[in-house]
2 protein chains.
Amino acid sequence: MALGRDYHGQDCGMGRALEVVGERWTLLIVQNAMFGVRRFNDFLTRLDIPKAVLAERLKHLVDYGVMEKRNYQGSPPRYEYELTERGRELWLPVYILTGWGQRITDKEAPRTFHHAECGAQLDEAGACPNCGSVPIEKVEMRPGPGPKRTDPVSRAMNRPRRLLEPIVREQ
Amino acid sequence: MALGRDYHGQDCGMGRALEVVGERWTLLIVQNAMFGVRRFNDFLTRLDIPKAVLAERLKHLVDYGVMEKRNYQGSPPRYEYELTERGRELWLPVYILTGWGQRITDKEAPRTFHHAECGAQLDEAGACPNCGSVPIEKVEMRPGPGPKRTDPVSRAMNRPRRLLEPIVREQ
DNA sequence: TAACAAGGTTCATTCACCGAACCAACCTGT
DNA sequence: ACAGGTTGGTTCGGTGAATGAACCTTGTTA
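This structure is a prediction, so every number in the text was calculated from the model and none was measured. (Residues numbered from 1 in each chain as written. Chains lettered and ligands numbered in written order. Predicted model: local features only at pLDDT ≥ 70, side-chain atom pairs only at ≥ 80, totals over all residues. Heavy atoms only, no water.)

1. Some details on the protein's contact with DNA strand D
Point 1. Neighbouring residues of DNA strand D: 21 residues in total, closest Arg24(A), Arg57(A), Lys51(B), Arg78(B) and Tyr81(B).
Point 2. By atom count, sugar and phosphate contribute 77% of the portion of DNA strand D lying within 4 Å of the protein.
Point 3. Interatomic distance of 3.0 Å between a side-chain N/O atom of Trp25(A) and a phosphate oxygen of DNA strand D.
Point 4. A distance of 3.2 Å separates a phosphate oxygen of DNA strand D from a polar atom in the backbone of Tyr79(B).
Point 5. Among the elements of the structure, helix H4 (51-63) of chain A together with helix H3 (40-47), helix H4 (51-63) and strand E2 (78-83) of chain B are those that each provide at least two residues to the surface near DNA strand D.
Point 6. Looking at the surface near DNA strand D residue by residue, the classes come out as 12 nonpolar, two polar and seven charged. (Near = heavy atom within 4 Å. Polar contact = N/O pair within 3.5 Å; in protein donor to acceptor, adjacent residues only side chain to side chain. Helix = DSSP H or I, 4+ residues; strand = E, 2+ residues; numbered from the N terminus. Nonpolar A, V, L, I, M, F, W, Y, C, P; charged D, E, K, R; others polar.)

2. Comments concerning the interface of chain A and chain B
Point 1. On the chain B side, the residues contacting the 47 residues of chain A number 47 residues.
Point 2. Both sides together, the interface formed by chain A and chain B hides about 4100 Å², and carbon and sulfur atoms give 63% of it.
Point 3. For the interface between chain A and chain B, the tally reads six salt bridges.
Point 4. A salt bridge links Arg46(B) to Asp11(A), with the nearest nitrogen and oxygen atoms 3.6 Å apart.
Point 5. Seen at the junction of chain A and chain B, the total is 18 residue pairs in polar contact (both at pLDDT 80 or more).
Point 6. Among the secondary structure elements, those contributing two or more residues to the side of chain A that touches chain B are helix H1 (13-21), helix H2 (26-34), helix H3 (40-47) and helix H6 (91-103) of chain A.
Point 7. It is H6(A) that contributes the most residues to the side of chain A that touches chain B, 10 residues altogether.
Point 8. Across the side of chain A that touches chain B, the residue classes break down as 23 nonpolar, 11 polar and 13 charged. (Contact = heavy atoms within 4.5 Å. Buried area = accessible area lost by both parts, 1.4 Å probe. Salt bridge = Lys/Arg side-chain N within 4 Å of Asp/Glu carboxyl O.)

3. Some thoughts on the pattern of salt bridges
All names here are of chain A.
Point 1. Going through the model one piece at a time under the given rule, you end up with 34 salt bridges over all chains.
Point 2. A salt bridge links Arg 38 to Glu 82, with the nearest nitrogen and oxygen atoms 3.3 Å apart. In this pair, Arg 38 sits in the loop between H2 and H3 while Glu 82 sits in strand E2 (residues 78-83), placing the two residues 44 residues apart along the sequence.
Point 3. Its salt-bridge partner being Arg 57, residue Glu 56 comes within 2.9 Å of it at the nearest N-O pair.
Point 4. Assessed through its relative accessible area of 40%, Glu 56 is described here as partly exposed.
Point 5. Residue classification places Arg 57 among the buried residues on the basis of a relative accessible area of 10%. (Buried < 20%, exposed > 50% of the residue type's maximum accessible area, 1.4 Å probe, protein only.)

4. Things to note about the side chain of Arg57(B)
Point 1. Positionally, Arg57(B) belongs in helix H4.
Point 2. A polar atom in the side chain of Arg57(B) sits 2.9 Å from the backbone oxygen of Arg24(B).

5. Thoughts on unusual backbone geometry
Residues and elements named next belong to chain A.
Point 1. In this chain, Ser 75 is followed by Pro 76 through a cis amide linkage whose omega measures 0°.
Point 2. By the secondary structure assignment, Pro 76 is in the loop between strand E1 (67-73) and E2.
Point 3. Even without a glycine there, the phi angle at Trp 25 is positive, about 80°.
Point 4. Mapped onto the secondary structure, Trp 25 falls in the loop between H1 and H2.
Point 5. Residues other than glycine seldom take positive phi values, yet Leu 164 does so here, at roughly 75°.
Point 6. Turning to its location among the elements, Leu 164 is positioned in the segment after strand E7 (161-162).

Read these as spatial facts, not as claims about activity.
Shown next as structure tokens:
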């Protein structure tokens, strides 16, 4: 493929990783899945992304085993996209890159991340200062001081919640 | 900017991080800089990337304070690109993503990473199993069992070496 | 019967990536 | 003195991906 998504000549794992999650929007989709977003229209709402691009990215992630598409309701058919174990393994790079990006901004963070069992805020490497490494299911997200989006999906995120816990929009 | 490199509506640091290092090839450039590549033509050799794209990416990284362009020789003028502290802070995500990409391949790893002071191989999160977290300068790269590129720059990498130590091509 | 919601597909336009060619300054060999 | 090589780029035409708007389908609710 001349132009596009692969990194044919690369000898290390990074080339492969970028083929799977290196395209525009993809890592933001994975991050929002970690924050509890599961439905097509909720990703749309949070990301301001063209529908065609979102559909293509989700399909790509499903093809590579990072997400799973589940039909959770037969009539009318409705789907949700959920991270697989392979996808959940991306938690640390997602967390660290988010922190890195936050530090090169003048704004304050919209969310902070804590070890759910002891409440301590995670350090720059994603570990708990008291207890060491923390699996993604044990991470609690809390609203931070920084500016937040105001769409319904983002508002549903603005209370303390475990990562991966599905978002339920208020009616 | 309608199309392109920014993620205007995102409220968290990830959007910012992707503006800086999320474009095609960028994270591979940063990774190779960590491996000791410093010169324009050496990046070209390792990456099989169009010159125009490499020039643009390097300029972008310099503009955002991830790399520094240094004139190290006056006549003929020669330049090298070196990671700043901000750039070196990307070590953990680069390492973890590389490992993740490696695990979803059937090939073996071309390189392994060790704590230079005790020799232990780093774990999946980039820490030393004996000593805990390891700064990038204390990481030693060793040739692994997997397939490697055969260009001169890649060959110069195929011996145990500290990260960030500049590559010298054999004549 | 109309309107609405979810989860998409289609399409024209715009823009970024690609690879090949070109360039300029300097050095080295003959 | 001149050819050819090295470094570090820039220019350019062609191609393919991203964008946003419009449209579609199935089913539900008013």
